[in-house]
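# Commentary on secondary and tertiary structure
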Amino acid sequence: MKISIKSFTISSIILLLLIGSCKSGSVRGGQENFVVAQIDSLLEHKNFFAARKLYQQNFQNLSEFEKLKAGVFLDYAFNRSDSSAYKSEILFSRFKDRLRDSMEYEIKALAHINHSREYEYKKAKESLQQLLANYDSFISEEEKKDLQNTLIIWKALQDQPKQRVVKNDRLELPLFIDKASLKNLTVTSGDVKENFIFDTGANISTISETTAEKFGVKVLSGSFEVDAITGNKINSQIGIAPRLEIGPVIIYNAVCLIFPDDALSISQLDYQINGILGFPVLEALDEIQITRDNILIVPVEQTHSREGNLAIDFLTPLLFLKDNQGAGVYTFDISATESMLYDTYFKKHRAELENAAEVDYSFGGAGGVTTKKGLYTSFSPIVNGRAIKLDQVIVLKEAVTPNNYFYGNIGQDLIDKFEKMIINFDKMFLSFE
């Protein structure tokens, strides 16, 4: 039997196309699984910046389920709480059968944080109660204690009004350095005036019992324990400051922790902290600028930037920085006089650091001082396209907290290399001029 070459060729092409199509689908499915696994791993290690980049690069090839699943965490990290909560609702209404129990828990664990960022304290309480009741097997004893402490806060706040900010004009006020080398500004309420520490590293605003009484802070029911840097526990209460004025800016209903006076004192310096303006208040200003000569500016119109190098983990601001050895995620704290690199940085750079002389390094905060083993090194992060060298930065060899994924904390020694720092919590960027 004679076979037509033309017939054979057409049949072969059809067959090859079918085989190619199957292979292509298999590869795409495998590629998606690989990308999804990478994104999941980056999110687990709180590298939200690398996860976002991979997510954006592969967005068109991800299924709706995977877009939503990753989007919940990315929106949470980049201060889009409403969007994170909305995507979570869609996931549970349409794809619940595809969510592993552990993933259900991780998504549910974000709910009370998203609600709290929107000052929806009752919803935060209810979602945290559900988390503790339904996902007990995924929560360690230490985590459970922390969540139960947090639940006390949401219960206390559940019937309280939302925080709100009124900007009557451009704010431009001097920050001054106190005897502990911390930046302070003057906060008023009516005729009452006190100096508060200005601290992006504080998860929540804090006030001493004496200052709380002066400012008419409403003390709410319930007390709870706060971990000090020493590992000790400080018994605290939660309060609502009805009105705090910073120049032309007024903050209504600011949540604050109320500490005993002695927990906010440093006896060696004869130093008493009156209050600390923490992240929730500063974030509500949308954008803050700090000049080298310590002028705080809150502009009426926000700055534009394409940086996108800022994220949030619960109430802790995170900064993405590159250096000559790669890139990493750092916390940053404008009240810290010096930058500090953590044991995670030491482990990554062990080969070039392990022969350096070891020192005992003491540092502290509210509640006392702790000492860790460390060493000094130079550190050259890349900012505005050029390496900025810090000659003597401490690298800790011991962990400060368990399960820490961040490389260090950026302080004033880097900030002071520039004329101005701009932090925008709306568009999520930090830039230097």
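In case you missed it, the structure is sitting above this.
Report on the accompanying structure. (Residues numbered from 1 in each chain as written. Predicted model: local features only at pLDDT ≥ 70, side-chain atom pairs only at ≥ 80, totals over all residues. Heavy atoms only, no water.)

## Quick notes on the overall build of the protein chain
- In terms of regular secondary structure, the protein chain is built from 12 helices and 26 strands.
- In terms of principal-axis extent, the alpha carbons of the protein chain reach across some 105 × 55 × 45 Å.
- Split into buried and exposed, the 433 residues of the protein chain put 49% on the buried side.
- Look at the contacts in the protein chain between residues 6 or more apart in sequence, and 64% of them connect residues 24 or more apart.
- For the protein chain, the accessible area works out to roughly 21,600 Å², and carbon and sulfur atoms hold 49% of it. (Helix = DSSP H or I, 4+ residues; strand = E, 2+ residues; numbered from the N terminus. Buried < 20%, exposed > 50% of the residue type's maximum accessible area, 1.4 Å probe, protein only. Contact = heavy atoms within 4.5 Å. Areas by Shrake-Rupley, 256 points an atom, 1.4 Å probe, with all protein chains shown as cover.)

## Details of the packing of helix H3 (residues 64–77) against helix H5 (residues 101–117)
- The contact between H3 and H5 brings their axes to 11 Å, and the two run at 35°. You can see that H3 and H5 cross each other, and the crossing is left-handed. Across the interface between the two elements, Lys-69, Val-72, Phe-73 and Tyr-76 of H3 pack against Met-103, Glu-106, Ile-107, Leu-110, Ile-113, Asn-114 and Arg-117 of H5.
- Residues of the contact of H3 with H5, tallied by class, amount to 7 nonpolar, 1 polar and 3 charged. (Axes fitted to C-alpha atoms, helices over the stretch in contact; angles between N-to-C directions. Left-handed = near helix turned anticlockwise from the far one by under 90°. Nonpolar A, V, L, I, M, F, W, Y, C, P; charged D, E, K, R; others polar.)

## Side note on the side chain of Glu-194
- Topologically, Glu-194 is positioned in strand E5 (residues 192–198).
- Classification of Glu-194 by relative accessible area gives buried; the value is 15%.
- Looking at Glu-194, its side chain comes within polar contact range of the side chain of Asn-274, at 3.3 Å.
- When near neighbours in sequence (up to four residues on either side) are disregarded, Glu-194 contacts Leu-185, Thr-186, Val-187, Thr-211, Lys-214, Phe-215 and Asn-274. (Polar contact = N/O pair within 3.5 Å; in protein donor to acceptor, adjacent residues only side chain to side chain.)

## Thoughts on the sheet that holds strand E13 (residues 287–291)
- Within the open sheet, the 5 strands sit side by side as E2-E14-E13-E25-E26. Their pairing is antiparallel. Edge positions in the sheet fall to strand E2 (171–174) and strand E26 (429–432), since each has one partner strand and no second. Within this sheet the neighbouring strands show an average axis-to-axis angle of 15°, counted without direction.
- For E13 and strand E14 (residues 295–298), the ladder comprises 2 bridges, and the chain directions are antiparallel. Residue pairing in the sheet places Ile-290 in a bridge with Leu-296 of E14. (Pairing = 2+ DSSP bridges.)

## Concerning the packing of aromatic side chains
- Scanning all chains against the criterion turns up 17 aromatic pairs.
- Ring centres of Tyr-330 and Phe-379 lie 5.8 Å apart, and the angle between their planes is 45°; on these two criteria the pair is classed as tilted. Taken together, the residues Tyr-330 in strand E17 (residues 326–332) and Phe-379 in strand E20 (residues 368–379) connect sequence positions 49 residues apart.
- Classification of Phe-379 by relative accessible area gives buried; the value is 1%.
- Here a set of aromatic residues connected by ring pairs shows up, and it is made of Tyr-330, Tyr-345, Phe-379 and Tyr-407.
- One cation-aromatic arrangement involves Arg-52 over Phe-78; the distance from NZ or CZ to the ring centre is 4.1 Å.
- We note Lys-108 situated over the ring of Phe-92; from NZ or CZ to the ring centre the distance is 4.4 Å. (Phe/Tyr/Trp six-rings, centres within 6.5 Å; stacked < 30°, edge-to-face > 60°. Lys NZ or Arg CZ within 6 Å of the ring centre and 35° of its normal.)

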